[in-house]
Amino acid sequence: MKSSLASRTLLTLLVALIVLVYGFPYAFLVSTSLKSPQDALAIPPTLLPQQLSLENYANIGEHPTVQRSFGNSAIIALLSTVITIALAVPAAYAVARYGAWAGKAFLFVVLITRLIPPVAVGIPLFVIMRALGLIDTHLGVALAHSTISVPLGIWLLASFMESIPRELEEAARVDGCSRFGALLRIIIPVASGGIAVTAIFVFLASWNEFLFSLLLSSTGVKTAPIAIAEFKTQYSIQWGTMTSLAVLFSFPVIIFSLLMQKRIIAGLTVGAVKG
Amino acid sequence: MKRICLVLAILVLLAPVLVAGAQEPVTLTVLVEQGGLWLQEAAAAQFEAETGHTVEFVNVPYGSVFDRLSAEMATGGSAFDVATIDVVWMSHFAPFAESLDDLFTDEVMDDLFASLVADAQIDGVFIGMPTWANTEIIFYRKDMWENADEMAAFEAEYGYPLAPPATWQEFTDMAQFFTRDNDGDGEIDMYGTDVKGGVADFEWMIAVLQAGSPGVVLDAENNIIIDNDEHVAGLEYYISHHCDMNVAPPNVNEIDWGVAENLFYQSQTAMFRFWGHAYRLTRGDSPIADLVGAAPMIAGPGGIGAIPGPWFNIVPKTSQNKEVALQLVQYLYDHNAMGIEAPLGLAARKSAYAQYADVEGFENLNPLLETLDSPQTIGRPAVADWQQIADEILGPIGSDALTCEHDVAELLAWGRAELEAMGYE
């Protein structure tokens, strides 16, 4: 009993330590955003603001480009999510339902595409998008983001699809449903939890992406990560403005993640307990 | 009636010629980082009003200017009609840039600092028009340098009047004089200056030029000079404030430009060498907001010396609006002084700096002018692998020297061997 209590206490302490280690950078980010610009530059830096200041947040109004960039990020992330889900669902369905070896080989190839560093495909993507007239458009950047997200989506969704009993689909076929009809009317509703999880991951990947957004946007569709990075100039870093924007940028992700917490955990553990 | 018909016929015949003569308004896309936007947007707006063309700035983070333009270069196309680039990227982008030889008249070259004229050309071809030039000058505390008690004490100790430092010896003397333990607790509360070990690859090069070297690392013909006497003297002087005198905060490797600036503006150093633009950006809420003085960079045995940090406007060969882009580059040069009113307060032309030099609030411009105009203010070698040299050779030499455990000459001999391995002689 005593040893159980001791081990539980130890575990709690360990968890608290891990939370502290992971949470500290974010807490420091929030703290810095609430310091006055002078306070933010103090040497040595202080953990808490000497005096709470919302000046950094108030200054954001002076940067209309930054405000627009948040809207661009949202549009691109949503578009990328729709494109990825539209492509990944049928691909994952095919992998789950057709031939074991062919499906595995396909998944392996898909995994390999995830191993290619984005910088290696940046220039080819640029050439393709320019040829298509999609430079500096929401669709162009969203398509580029989808090249990263589709393999991830297929992997996640294939696991979900495999866990759906074939009998459900066969029953629908017996009742006269085509294969595509069965996918639409039976598989997709049953896999909606998995699709939601995949959509969350895809949205977050696009929301945070930097390189493709940089290469494929100019003034029209500049995304928030690039707009925030502009406050690091050749000679200085505007810590106050950058941290306040970073806090605002993180809010949608945090709120979204908290709301979808259960689904995310379900997504992470899919296939972990089989049999 | 016949006359009217004749006039109409002539007009119809001349119409294509007249239309061709009037330029269609175009939209020029200009790649910049924040500094380029600040310093050029006012002149660009005036260009738009006068010509009817549109100038659209694409503002990206500093390092992304290189990434973005490199991507465009690799694809053989360009979304940009003009790009404002750092001098260290000039060699890299040279094959991609249109010749600007026609813009560099004698009059233009007379109004530019010699180092900028040199940096503007690669292999004898002008590819970039300077848009602004920055360099390090001396920042000091006026309230300390002009304090009667301090002046008397300094003169009594060193035998000459206290004034902004002009030479290596004066800089060292004053750094020692103002390094103080104000409260007597055994810890230093204010250092005389700093040693920026975080940007060692750049900082010790400045002392090399002040020592009288004809260039840094490589001479004009790209021969190795990294181990000449001036490099030895420069590196020894650079580390002396840390290794021999304890007149700079000891955590040298953590001190880059940003940290050094904060140390000074928070009254933890009495003077420092820093980029001239900072004078105009002094924050109103700094404890020393009205107490900052500016002076030309110090002189070593070779005279006043510094490394300029100019930015250039280039026109990519792939621009679809080359003719108008060249017009814009010329216009930005002609109206270069407008940048001085912008937050960074910088320009490239001597006349632009001279125009504002005596205006209140621009006290940094005369020191900038004098430093930029010195013969020992020389740009970095225009070689494509300069960044590699800085990262893999100059940085490690500076860091190792700042451990105070190495023989400077041996470090520089290692530098020569590394350069030879890269193919230099």
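Let me begin by describing the structure that accompanies this report. (Residues numbered from 1 in each chain as written. Chains lettered and ligands numbered in written order. Predicted model: local features only at pLDDT ≥ 70, side-chain atom pairs only at ≥ 80, totals over all residues. Heavy atoms only, no water.)

### Overview of the overall build of chain A
Defined as follows: Every helix listed is a DSSP run of H or I at least four residues long, and every strand listed is a run of E at least two residues long, numbered separately from the N terminus. Between two residues, a contact is recorded if the distance between any of their heavy atoms is within 4.5 Å. Accessibility throughout is a Shrake-Rupley quantity obtained with a 1.4 Å probe, and a residue counts as covered only by protein chains that appear here. In this count, Lys and Arg are taken as positive residues and Asp and Glu as negative ones, while His and the chain termini are left out. By convention, the charge on Lys lies at NZ, on Arg at CZ, on Asp at CG and on Glu at CD.
Helix and strand counts for chain A stand at 14 helices and zero strands. Each helix and strand of chain A, ordered N terminal to C terminal, gives the series α-α-α-α-α-α-α-α-α-α-α-α-α-α. Dimensions of chain A, computed from the C-alpha atoms along their principal axes, are close to 70 × 70 × 30 Å. A fraction of 71% describes how many contacts in chain A between residues 6 or more apart in sequence connect residues 24 or more apart. Of the roughly 14,800 Å² of accessible surface on chain A, 73% is carried by carbon and sulfur atoms. A gap of 8 Å separates the mean positions of the 17 positive and 11 negative side-chain charges of chain A.

### Considering the pattern of salt bridges
Rules: Every case where a carboxyl oxygen of Asp or Glu lies within 4 Å of a side-chain nitrogen of Lys or Arg is listed as a salt bridge. For every residue, the accessible area obtained with a 1.4 Å probe (protein chains only) is divided by the maximum for its type, and the residue is called buried under 20%, exposed over 50%, and partly exposed between those limits.
One pass over the full model with this rule turns up 13 salt bridges over all chains. The salt bridge involving Arg179(A) is made with Glu169(A); its shortest N-O contact spans 3.5 Å. A residue pair is termed long-range when its members are at least 10 positions apart, and Arg179(A) in helix α9 (residues 179-190) and Glu169(A) in helix α8 (residues 166-174) qualify at ten residues. Note that Lys196(B) is salt-bridged to Asp194(B), the shortest N-O span being 3.1 Å. According to the relative accessible area criterion, Lys196(B) is buried, its value standing at 1%. Judged by its relative accessible area of 0%, Asp194(B) falls in the buried class.

### As for the packing of aromatic side chains
Geometrically, a pair of aromatic rings is defined through the distance of the ring centres and the angle of the planes. For clarity, the threshold we go by: Paired rings are identified among Phe, Tyr and Trp, the last through its six-membered ring, by centres lying within 6.5 Å, and are further divided according to the angle between planes into stacked (under 30 degrees), edge-to-face (over 60) and tilted (the rest). A ring is considered to have a charge above it if a Lys NZ or an Arg CZ atom is located within 6 Å of its centre and within 35 degrees of its normal.
Throughout the structure, instances matching the rule amount to 31 aromatic pairs over all chains. Between Phe24(A) and Phe28(A), the ring centres sit 5.9 Å apart and the planes meet at 20°, which makes this aromatic pair stacked. In this pair, Phe24(A) and Phe28(A) are both assigned in helix α1 (residues 2-33), four residues apart and thus about one turn of the helix distant. A residue is classified by how much of its surface remains accessible, and Phe24(A), at 43% relative accessible area, is partly exposed. Between Phe203(A) and Trp207(A) the ring centres are 6.0 Å apart and the planes differ by 15°, which places this aromatic pair in the stacked class. With Phe203(A) and Trp207(A) both in helix α10 (residues 192-208) and four residues apart, this pair spans about one turn of that helix. We classify Phe203(A) as buried; its relative accessible area is 15%. Accessibility expressed as a relative area gives 4% for Trp207(A), which makes it buried. One cation-aromatic arrangement involves Arg280(B) over Phe362(B); the distance from NZ or CZ to the ring centre is 3.9 Å. Directly above the aromatic system of Tyr333(B) lies the positively charged group of Arg349(B), at a separation of 4.2 Å from the ring centroid.

### Observations concerning the pairing of strand β3 (residues 82-86) of chain B
Note on strand geometry: in a regular strand, side chains alternate between the two faces of the sheet. Residue and element names in this part refer to chain B. Put simply, the rule reads: By definition, two strands form a pair when at least two bridges between them are found by DSSP.
Among the five residues that make up β3, five are buried, leaving the element largely enclosed by the rest of the structure. Relative to β3, strand β1 (residues 27-32) runs parallel, the two sharing two bridges. Following the sheet pairing, Leu31 is matched in β3 by Ala83. Pairing of β3 with strand β12 (residues 311-314), which is carried by four bridges, proceeds in the antiparallel orientation. If you follow Asp86 over to β12, its bridge partner there is Trp311.

### Structural notes on the packing of helix α6 (residues 118-131) of chain A against helix α3 (residues 62-75) of chain B
For clarity, the threshold we go by: Whenever a helix is involved, its axis is fitted only over the stretch in contact; in every case the axis is a line through C-alpha atoms, and angles between N-to-C directions fall within 0 to 180 degrees. When an angle is under 35 degrees it counts as roughly parallel; over 145 it counts as roughly antiparallel; between 65 and 115 it counts as roughly perpendicular; any other value is oblique. Should the near helix be turned anticlockwise from the far one by less than a right angle, the crossing is termed left-handed; should it be turned clockwise, right-handed. Classification convention: Asp, Glu, Lys, Arg as charged; Ala, Val, Leu, Ile, Met, Phe, Trp, Tyr, Cys, Pro as nonpolar; all other residues, Gly among them, as polar.
Running from amino to carboxyl end, α6(A) crosses α3(B) at an angle of 70°, the nearest separation of the two axes being 9 Å. For the element pair α6(A) / α3(B), the angle class is roughly perpendicular. Judged by the sense of rotation from one axis to the other, the crossing of α6(A) with α3(B) is right-handed. In contact with Ile123(A), Phe126(A), Val127(A) and Arg130(A) of α6(A), α3(B) contributes Arg68(B), Ala71(B), Glu72(B), Ala74(B) and Thr75(B). The residue makeup of the contact of α6(A) with α3(B), split by class, is five nonpolar, one polar and three charged.

### Overview of the interface of chain B and chain A
Stated formally: The quantity reported as buried area is the accessible area (1.4 Å probe) lost by two parts once they are put together, taken as the sum for both. By the criterion applied in these results, polar contacts are pairs of N or O atoms within 3.5 Å in which, for protein atoms, one can donate a hydrogen and the other can accept it, and in which residues neighboring in sequence qualify only through two side-chain atoms.
At the junction of the two partners, chain B supplies 37 residues and chain A supplies 25 residues. Around 2,600 Å² of area is buried between chain B and chain A when both sides are counted, 58% of it from carbon and sulfur atoms. It is Pro61(B), Arg68(B) and Thr75(B) that lose the most area in chain B upon contact with chain A, and together they represent 21% of the buried surface on that side. Counting the contacts that link chain B with chain A gives five residue pairs in polar contact (both at pLDDT 80 or more). Looking at the side of chain B that touches chain A, the elements that each hand over two or more residues are α2 (34-51), β2 (54-59), α3 and α12 (257-265) of chain B. With eight residues, the top contributor of residues to the side of chain B that touches chain A is α3(B). A per-class count over the side of chain B that touches chain A returns 15 nonpolar, 13 polar and nine charged.

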